[in-house]
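Observations on the model geometry
These are the residues of each chain, in order.
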Number of protein chains: 2
Amino acid sequence: MRSLMGLIKPNLVLLRAKRFNSSGSTNPAMMFPCLDKMERVSEELRTTTVGTQGQNEPVYGKVKSGFEIFKSNRPFYTDYGGVLPNFQIAYETWGTLNEDKSNAILIHTGLSASSHAHSTNLNQQPGWWEKFIGPGNVCLDTNKWFLICTNVLGGCYGSTGPSSPDPADGLPYATRFPMLSVHDMVRAQKRLINEHFGIEKLYASLGSSMGGMQSLSYAQQFPSEVNKVISVSACARSHPSSIAMRHAQRQVLMGDPNWNRGFYYPTAAEPNKIPPHVGMKLAREIATVTYRSGPEWESRFGTERLDDERSPVLCPDFLIETYLDHQGEKFSLEYDANSFLYISKTMDLFDLSLSHKERSIRRRARAKELYESGTLNEAQDPLLDRTSDKKRHRTSTVEQSYQDLKQGCKPLLDNDVLVVGVKSDGLMPCLQQREIYSLLDGDTNPNVAHVELQESESYFGHDTFLLDLEHIGRSIGQFLCK
Amino acid sequence: MRSLMGLIKPNLVLLRAKRFNSSGSTNPAMMFPCLDKMERVSEELRTTTVGTQGQNEPVYGKVKSGFEIFKSNRPFYTDYGGVLPNFQIAYETWGTLNEDKSNAILIHTGLSASSHAHSTNLNQQPGWWEKFIGPGNVCLDTNKWFLICTNVLGGCYGSTGPSSPDPADGLPYATRFPMLSVHDMVRAQKRLINEHFGIEKLYASLGSSMGGMQSLSYAQQFPSEVNKVISVSACARSHPSSIAMRHAQRQVLMGDPNWNRGFYYPTAAEPNKIPPHVGMKLAREIATVTYRSGPEWESRFGTERLDDERSPVLCPDFLIETYLDHQGEKFSLEYDANSFLYISKTMDLFDLSLSHKERSIRRRARAKELYESGTLNEAQDPLLDRTSDKKRHRTSTVEQSYQDLKQGCKPLLDNDVLVVGVKSDGLMPCLQQREIYSLLDGDTNPNVAHVELQESESYFGHDTFLLDLEHIGRSIGQFLCK
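The residue count restarts for each chain, going from 1 along the sequence in the order it is written. Starting at A for chains and at 1 for ligands, labels are handed out in the order in which the entities are written. Confidence filtering applies because this is a predicted model: local features only for residues at pLDDT of at least 70, side-chain atom pairs given and counted only at 80 or more, and all residues used for totals across whole chains, interfaces and linings. The basis for every side-chain value is the complete set of heavy atoms in the structure, and neither hydrogens nor water enter the calculation.

The name given to chain A in an unreviewed UniProt entry is AB hydrolase-1 domain-containing protein, and the organism recorded there is Zygosaccharomyces rouxii. One UniProt comment on chain A, placed under Sequence similarities (unreviewed entry), says "Belongs to the AB hydrolase superfamily. MetX family." UniProt positions are given in the numbering used here, feature names are shortened, and annotations may be inferred rather than shown by experiment.

Next up, the structure:
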């Protein structure tokens, strides 16, 4: 499917470029090659037969292979009151599980990653943490540890997600998929750990960004079933600014008419439906700003344009714009739009507070009750136009809210915890990792360690965890061996 | 036109809310009231007769009135090689011009503002800087100063912009409007100052955000025609991160099918065209994140949802989301989409460097030549698919680029300059105001003053200049009287 983008020749784009009324105007009319290109992609997608053969095999599912599958046939009740009658989790492993099963480390991924953290015999492509894993590696030494990485529940790289069939009718769940939480992802992983591997206690739960939320969640939900906890560039609860940025991404994607409220998967009846590739591209461009920006961009792109002698255009023109355009386009057909929406939302919803935990337990119990009585799908959650509701300001104070969070973090107090932050990160700013340290009584609790990378040490912003083996990788390696 | 939003009753929205396949699914299907609402707005716009009476009177033009108009009938050549055969500038004034015309202060606006900085007899609505202006005011004392504020060239509140008729055929320019620069806006204002008011030297050139760019530009282009320069929350050249955020806004707007490459104004032939209100709403939501975010949001919204007991939804759900949704919707029919695109781009392009200035002078001369020979509209600027160009990294070093900027700032060295920055500003971060100070040899140049507001002093992010009379207003007032 990726090669589709290669079909679209620049000269073809130029040939069909639209000009409006140029001859009668005072100035030359502007051209929009970026829009021409997107229209061309839509046309190609519409006329390509991919996706019509098997209605439950969306195209991006074919991008990845080489993972193992764990299937669970017992119902899974979600934190927000839904159910999955069954589910599967894609996973990969590296290293060898020792005899007493005490050397397992669960690696949690960020939003859009697959289980492929490192190359394997089944999939020899480099993984997303290729440099951080290997025999004798300063970060994750496969001679010592047995590493497990999963594609999260809700994802589209082998695990059950919105593109998977709803057992009720065999059609893709789409937006009939139940709302998820980061805690749900972790409980699904725990079945794999316990039921498939027979591991009772992880040596470590480790992750960055949304993975760092999962590592904390594992310890909050099952404190006695994990030894060490490593959380990089994450938080105990999302910041409203991060929610705002993800909100923008989701609304943009949902605004693409091809998204069709989530029902864009080709079916036998409508084989020519196409994914919302324009919305995905735009959403990824916004996301990329939050992942990178930072000082890197100044030295890499500055404010240079592709060509200072040309008249500026509204399509990509500055180097930084062409970079974003390219990043967006690459991603636009690689990841399932609904998976993106659901998982993005779980990050907004992530919250370690006690009240949040208690509500989730109540809702899971209620979902079980309704599902077992066969009435879950009738549950009404009438959505009025919420923006016209009168509530516009928070009802709890900052201090009350902090205390609620502190209560929720109590189970982690006996775990060994490493919290890592990066100064140039605008999405999960350093104050959030300092908050975790404070919630765990870092100043007086010898179990908690905190590392903060200064700008001089790393300048890739939020994405530093993907790139900086020297500071991030080494800190993790040292903490694991402590 | 604004009242159109009032027509859309929440209960109507609910009645037509779409549900897909809910009865056959495992879980209840999700609903999308926010999308229902946008579709309803489109329907209302399509069936409303507004806009069909005069094809050159776009709806938002009716929102504002009460300004004066200055018309210039000599051609205006733009920095990027276009021409306006004639143009008009909307402006308002406060206070009295003294006899020797030495007390005039030109107030420059940010991106989306009108000339209405303060209430007048003609328009008694509060202006966007209402608190900062008045007799005896700590910031702008109308007993002392004669204040002039314009709607910028390219705008849609009375000044010539993309919604104005192209004299070549009488139809709206749309995207046949020539690309603008901040320097162009200033040269247009200068005609008003010189030709209408007969003012030879401004007492001060003053502005915030894009207005702060204009105030610097005035002094760079006409150093001997302005005494004091005040630039708040602005920069000498945009940062790639700011360009990235504005790029995202523009691409989202251009992705709305109703934008139609700029040709969305209703005409006699196509009276039912509607403006790209969804794209504008989304663009404004992204912009709002860059204008505010900051510590304010934590204390105002935190991570509270409208209702913790309801299942989360992909439509606005968190307080911060409903705030953004509301801000976006308010703006979506208030401002011309093309004006937004052009003016947003001028901020990206703003650059005080010498090489930039020299290129602009060359291009204006070339435009004059082509226009006078009647061949400007044939000028070819072939736009290839620039994203596939090979240039991906900057060609000048950070240091070379800085020196170019320093050369360009030389004309300002003899002006009295005040530079103000705000710690919580993510869009025009403090390092950019410190850069201006450094470019003007602030450490050794007694003419330059620098004020930096700490987070404790103001926490509204970039928008602090609109709200903080105490720190920003008072600093300006003191500097003016110095």
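Further notes follow.
In terms of regular secondary structure, chain A is built from 15 helices and 12 strands. In this description, contact between two residues means that some pair of their heavy atoms is separated by no more than 4.5 Å. Pairs at least 24 apart in sequence give 73% of the contacts found in chain A among residues at least 6 apart. Here the accessible surface of atoms and residues is derived via Shrake-Rupley with a 1.4 Å probe, and residues count as covered only by protein chains that are part of the display. Per element, the accessible surface of chain A, about 17,200 Å² overall, is 50% carbon and sulfur. Starting at the N terminus, helices and strands are each numbered in turn, a helix being any DSSP run of H or I of at least four residues and a strand any DSSP run of E of at least two.

Turning next to the pairing of strand 12 (residues 448-453) of chain B. Residue and element names in this part refer to chain B. Where strand 11 (residues 416-422) and strand 12 come together, 6 bridges link them in parallel fashion. What sits directly across from V417, in strand 12, is V448. By the criterion used throughout, a crossover qualifies as right-handed when its path from the first strand across the helix to the second strand runs clockwise, the strands pointing away from the viewer. Tracing the backbone out of strand 11, into helix 13 (residues 430-439) and back to the parallel element strand 12 gives a crossover that is right-handed. Pairing between strands is defined by DSSP: at least two bridges between the two strands are required.

Within a predicted model, pLDDT stands for the predictor's per-residue confidence, ranging from 0 to 100. Across chain A, the average pLDDT comes to 89, with 89% of residues at 70 or higher. Every residue in residues 50-62 of chain A is under pLDDT 50, and counting partners more than four places away or in other chains gives 27 contacts.

It is worth spelling out the pairing of strand 4 (residues 87-94) of chain B at this point. All names here are of chain B. Most of strand 4 sits inside the fold, with 6 of its 8 residues counted as buried. Bridge count for strand 1 (residues 68-72) against strand 4 is 5 bridges, and the pairing is antiparallel. Bridging from a neighbouring strand, E68 pairs with Y91 of strand 4. As judged from the 4 bridges shared by strand 4 and strand 8 (residues 146-150), these two strands associate in the antiparallel manner. For each residue, the accessible area found with a 1.4 Å probe, counting protein chains only, is set against the maximum for its type, and the residue is called buried under 20%, exposed over 50%, and partly exposed in between.

Next up on the list: the relation of the copies chain A and chain B. In superposing the copies, a least-squares fit is computed on C-alpha atoms, taking residues whose pLDDT is at least 70 in both. Each copy of the sequence occupies a distinct position, and chain A is placed on chain B by a rotation of 180° and an axial shift of 0.0 Å, giving an RMSD of 0.0 Å. Read as a symmetry element, the transformation amounts to a two-fold axis. Scanning chain A for the C-alpha nearest the rotation axis identifies V252(A), at a separation of 3.5 Å. Of the interface residues in chain A, 100% have counterparts in chain B that sit at the interface too, so the contact is made through matching surfaces.

The next subject is helix 11 (residues 354-372) of chain B. The α-helix advances 3.6 residues per turn, and as a result positions three or four apart in sequence lie on the same side. All names here are of chain B. Given a rise of 1.5 Å per residue, 19 residues ought to cover 27 Å, and the 27 Å separating the end C-alpha atoms of helix 11 matches this to within 8%. When we look at burial in helix 11, the residues that qualify are H356, R359, S360, R363, A367 and L370. Down the axis, helix 11 shows its buried residues gathered within 100° of arc, on one side only. The exposed set on the far side of helix 11, more than 90 degrees from its buried face, consists of E369 and E372. Close packing links the buried residues of helix 11 with strand 2 (76-77), helix 4 (182-196) and helix 10 (337-349). Two residues or fewer after helix 11 comes G374, characterised by a positive phi angle close to 75°. A helix is expected to reach a length of 1.5 Å times the quantity of its residues less one. Taken from the helix axis, the directions to the C-beta atoms give the arc we talk about.

Let us look at the pattern of salt bridges. Note on definitions: salt bridges are taken to be side-chain nitrogens of Lys or Arg within 4 Å of carboxyl oxygens of Asp or Glu. Taken as a whole, this structure holds 72 salt bridges over all chains when the rule is applied. Across the pair D79(A) and R187(A) runs a salt bridge, and its minimum N-O distance is 3.2 Å. Of this pair, D79(A) sits in the loop between strand 2 (76-77) and strand 3 (83-84) while R187(A) sits in helix 4 (residues 182-196), and the two are 108 residues apart along the sequence. On the basis of relative accessibility, which here comes to 1%, the residue D79(A) falls in the buried class. The class for R187(A) is buried, based on a relative accessible area of 12%. With a shortest N-O distance of 2.8 Å, R300(A) and E296(A) are connected by a salt bridge. You can see R300(A) and its partner E296(A) sitting in helix 8 (residues 294-300), 4 residues apart, about one turn around the helix. The exposure class of R300(A) is partly exposed, given its relative accessible area of 23%. You can call E296(A) buried: its relative accessible area is 4%. A cluster of three or more residues bridged by salt bridges with shared partners is formed by R246(A), R250(A), K345(A), D348(A), R305(B), D317(B) and E321(B).

In this section: the interface of chain A and chain B. With 119 residues of chain A at the interface, the matching set in chain B holds 119 residues. Surface buried jointly by chain A and chain B totals about 11,200 Å² across both partners, of which 59% is contributed by carbon and sulfur atoms. Across the pair E321(B) and K345(A) runs a salt bridge whose closest N-O atoms are separated by 3.5 Å. Polar contacts, as used here, are pairs of N or O atoms within 3.5 Å; protein pairs need one atom able to donate a hydrogen and one able to accept it. Residues neighboring in sequence count only if both atoms are side-chain atoms. One can count 34 residue pairs in polar contact (both at pLDDT 80 or more) joining chain A with chain B. Mapped onto the side of chain A that touches chain B, the elements with two or more residues apiece are helix 2 (10-15), helix 3 (33-47), helix 6 (240-254), helix 7 (277-291), helix 8, helix 9 (319-332), helix 10 (337-349) and helix 11 (354-372) of chain A. Looking at the side of chain A that touches chain B residue by residue, the classes come out as 55 nonpolar, 30 polar and 34 charged. Accessible surface is computed with a 1.4 Å probe, and the buried area is the amount of it that two parts give up when combined, taken over both parts together. The residue classification treats Ala, Val, Leu, Ile, Met, Phe, Trp, Tyr, Cys and Pro as nonpolar and Asp, Glu, Lys and Arg as charged. All others, Gly included, are polar.

Here the focus is the environment of Q478(B). With respect to the element layout, Q478(B) can be found in helix 15 (residues 469-481). Taking the C-alpha atoms as reference points, Q478(B) and V138(B), separated by 340 residues in sequence, lie 7.9 Å from one another.

Attention now moves to unusual backbone geometry. Residue and element names in this part refer to chain B. Residue K101 is not a glycine yet carries a positive backbone phi of 55°. Mapping K101 onto the fold places it in the loop between strand 4 and strand 5 (104-108). Looking at K101, the relative accessible area reads 31%, which means it is partly exposed. At S209, a residue that is not glycine, the phi angle is positive and equals roughly 55°. Examined against the element boundaries, S209 turns out to sit in the loop between strand 9 (202-208) and helix 5 (210-221).

All names here are of chain A. Ordered by their spatial adjacency, 8 strands build an open sheet running 1-4-8-5-9-10-11-12, and the pairing between neighbours is mixed. Edge positions in the open sheet fall to strand 1 (68-72) and strand 12 (448-453), since each of these has one partner strand only. For this sheet, the mean inter-axis angle between neighbouring strands, taken without regard to orientation, is 20°. Angular values range over 0 to 180 degrees, each being the angle between N-to-C directions of two axes fitted as lines to C-alpha atoms, with helices fitted over their stretch in contact. The strands touched by helix 4 are strand 1, strand 4 (87-94), strand 5 (104-108), strand 8 (146-150) and strand 9 (202-208); relative to strand 4, the strand with the most contacts, the crossing angle is about 65°.

Before going further, it helps to spend a moment on the sheet that holds strand 8 of chain B. Residues and elements named next belong to chain B. Here we have 8 strands laid out as an open sheet, ordered 1-4-8-5-9-10-11-12, and mixed in their pairing. Because the sheet does not close on itself, it has two edges, and the strands there are strand 1 and strand 12. Across the sheet, the mean angle separating the axes of adjacent strands is 20° when strand polarity is ignored. Bridge count between strand 10 (residues 226-232) and strand 11: 5 bridges; the pairing is parallel. Considered in strand 11, the bridge of I230 is made with L418. The strands touched by helix 4 are strand 1, strand 4, strand 5, strand 8 and strand 9; relative to strand 4, the strand with the most contacts, the crossing angle is about 65°.

All names here are of chain A. Defined by distance alone, a disulfide is two cysteine sulfur atoms within 2.5 Å. The final tally for this structure, using the stated rule, is 2 disulfides over all chains. A sulfur-sulfur separation of 1.9 Å characterises the disulfide bridge that pairs C34 with C315. Looking down the S-S bond of the C34 and C315 bridge, the torsion is -75°, so its handedness is left-handed. Separated by 281 residues along the polypeptide, C34 in helix 3 and C315 in the loop between helix 8 and helix 9 bring together distant segments of the chain. The class for C34 is buried, based on a relative accessible area of 12%.

Residues and elements named next belong to chain B. For the pair helix 4 and helix 5, interaxial distance at closest approach is 9 Å and the crossing angle is 70°. Viewed along their axes, helix 4 and helix 5 adopt a mutual orientation that is roughly perpendicular. By crossing handedness, the relation of helix 4 to helix 5 is classed as right-handed. Two secondary-structure elements touch here, helix 4 through V182, H183, M185, V186, R187, Q189, K190 and I193 and helix 5 through M210, M213, Q214, S217, Y218, Q220 and Q221. Considered class by class, the residues forming the contact of helix 4 with helix 5 number 7 nonpolar, 6 polar and 2 charged. When describing relative orientation, an angle under 35 degrees is termed roughly parallel and one over 145 degrees roughly antiparallel, while 65 to 115 degrees is termed roughly perpendicular and anything else oblique. Should the near helix be turned anticlockwise from the far one by less than a right angle, the crossing is termed left-handed; should it be turned clockwise, right-handed.

A few words on the packing of aromatic side chains. Only Phe, Tyr and Trp rings are paired, with Trp represented by its six-membered ring, and only when their centres lie within 6.5 Å; those with planes under 30 degrees apart are stacked, over 60 edge-to-face, the remainder tilted. Counted by the stated rule, this structure contains 36 aromatic pairs over all chains. Aromatic side chains W129(B) and F132(B) sit 4.7 Å apart centroid to centroid with 10° between the ring planes, which places their arrangement in the stacked category. Here W129(B) falls in the buried class, since its relative accessible area comes to 2%. Note on F132(B): relative accessible area 0%, which makes it buried. Linked through ring pairs, Y157(A), F331(A), Y335(A) and F340(A) together constitute an aromatic cluster. Only lysine NZ and arginine CZ atoms are considered, and such an atom sits over a ring when it is within 6 Å of the ring centre and within 35 degrees of the ring normal. One residue, K190(A), lies across the ring of F222(A), its end atom 4.5 Å from the ring centre. Positioned above the aromatic ring of F331(B), the side-chain terminus of R284(B) is 3.8 Å from the ring centre.

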